[in-house]
Amino acid sequence: MSKSNILFIINPISGGKDKLKIPALIDAKLDRSKFNPNFSFTEYVGHASEIAEEAANKNFDVIVAVGGDGTINEVATKVMQHDKVLGIIPFGSGNGLARFLKIPLKSAEAIQVINNFNVDVIDTGRFNDKCFFNMAGMGFDAHISSVFAGNKSRGLTGYLKLGFREVLNYKPQTYHLYIDGEKYERKAVVISIANSSQYGNNAHIAPGASVKDGLLDVCVIKEFPMYKLPVLAYEMLNAKTDHSDMVEIIKGKHIRIVRSQGDAIHIDGEPFFMGEEIEVTVAPLSLNIITPS
Ligand SMILES: Nc1ncnc2c1ncn2[C@@H]1O[C@H](COP(=O)(O)OP(=O)(O)OP(=O)(O)O)[C@@H](O)[C@H]1O
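Rules and cut-offs
Residues numbered from 1 in each chain as written. Predicted model: local features only at pLDDT ≥ 70, side-chain atom pairs only at ≥ 80, totals over all residues. Heavy atoms only, no water. Axes fitted to C-alpha atoms, helices over the stretch in contact; angles between N-to-C directions. Helix = DSSP H or I, 4+ residues; strand = E, 2+ residues; numbered from the N terminus. Parallel < 35°, antiparallel > 145°, perpendicular 65-115°, else oblique. Left-handed = near helix turned anticlockwise from the far one by under 90°. Contact = heavy atoms within 4.5 Å. Nonpolar A, V, L, I, M, F, W, Y, C, P; charged D, E, K, R; others polar. Domains from an automatic or database assignment. Buried area = accessible area lost by both parts, 1.4 Å probe. Salt bridge = Lys/Arg side-chain N within 4 Å of Asp/Glu carboxyl O. Polar contact = N/O pair within 3.5 Å; in protein donor to acceptor, adjacent residues only side chain to side chain.

Chemist: Looking at this structure, how should I read the packing of helix H2 (residues 47–57) against helix H3 (residues 69–81)?
Modeler: What describes two packed helices is the angle between their axes and the distance between those same axes. Between H2 and H3, whose axes approach to 8 Å, the crossing angle comes to 25°. The angle between the axes of H2 and H3 places the two elements in the roughly parallel class. Between H2 and H3 lies a crossing of right-handed hand. Of H3, the residues touching H2 (which contributes His47, Ala48, Ser49, Ala52 and Glu53) are Thr71, Glu74, Val75, Lys78 and Gln81. For the contact of H2 with H3, the per-class residue count stands at 3 nonpolar, 4 polar and 3 charged.

This is the structure in structure tokens:
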């Protein structure tokens, strides 16, 4: 069997520590009878996407994102467009997609998953012209993401501090949702469109979501009194939001969202701005990805 050229794209600012040690660890653990490895470190936002595009146009068959959901998004978009294979070494703060796919968070074990080379195919989402792989949405979390983006370092603690500060002033919005022909009007704090079940850090907003069902889960977090925040956190950490009175989940293939004003949205946790109308679709079984068998 001929060896695959494999490129590891490492994001030095994503949440995990010790990324500089990754090349040495890969050198020690990667199965050289299957792979010829190469490494690149990202230097700015969007760089992972440029590196992945270049690698896909050269002779790399497998491209590995070493980072969190944002890095995975940039790399996976190019991998999918060029019909290559994506690998993940989770190194983010949340690692939503990696956790959902049960890719080990310990790097040595994640490298072993790559060595085993079990290639699966999963659904992906579109949010207007942008691809998403784990979760995209709008509302309070997107607002926080856009404020947090100015921070030099990532990490859960800073994110939580900012969240507590902003939550007191945040006002819910009214959204018009058109899901596979049905119309819903909802006042919400957050609208999340879930491909996998979880936001990251084992917070499951859409416990019944599957990346292989050709559907997206529209999760509406309704306005709720602050004292119920711990209840929502408990429900998410225990994957119980499908029975919550704070969260409504509607599955669909084609979703149009109309809101009163353009505002921040997030795509796999990274902030962008979009206008009042957003079209969301699913591309069933469209990404080749290495998962534990
Ligand atoms: N050298 C760099 N300097 C600044 N930003 C970078 C650099 N390299 C990559 N980025 C950006 O960092 C963003 C966030 O990375 P990533 O999502 O991997 O980490 P995270 O936010 O800690 O993880 P998670 O999304 O799982 O919580 C990516 O969108 C990427 O564009």
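Chemist: What should I look at first to understand the domain arrangement of the protein in this one?
Modeler: Much of the literature gives interface size as the accessible area that the parts lose upon coming together. Parsing the protein into structural domains produces domain 1 (4–117) and domain 2 (130–284). Centre-to-centre, using C-alpha coordinates, domain 1 lies 26 Å away from domain 2. Tallying the contact residues gives 17 residues for domain 1 and 19 residues for domain 2. Broken down residue by residue, the surface that domain 1 buries against domain 2 is led by Asn73, Arg99 and Phe100, which jointly contribute 36%. Between the two partners, domain 1 and domain 2, sit 0 salt bridges. On inspection of domain 1 and its partner domain 2, the count reaches 6 residue pairs in polar contact (both at pLDDT 80 or more). Contributions of two or more residues to the side of domain 1 that touches domain 2 are made by H3 and helix H4 (96–100). With 6 residues, H3 is the single largest residue contributor to the side of domain 1 that touches domain 2. For the side of domain 1 that touches domain 2, the per-class residue count stands at 6 nonpolar, 9 polar and 2 charged.

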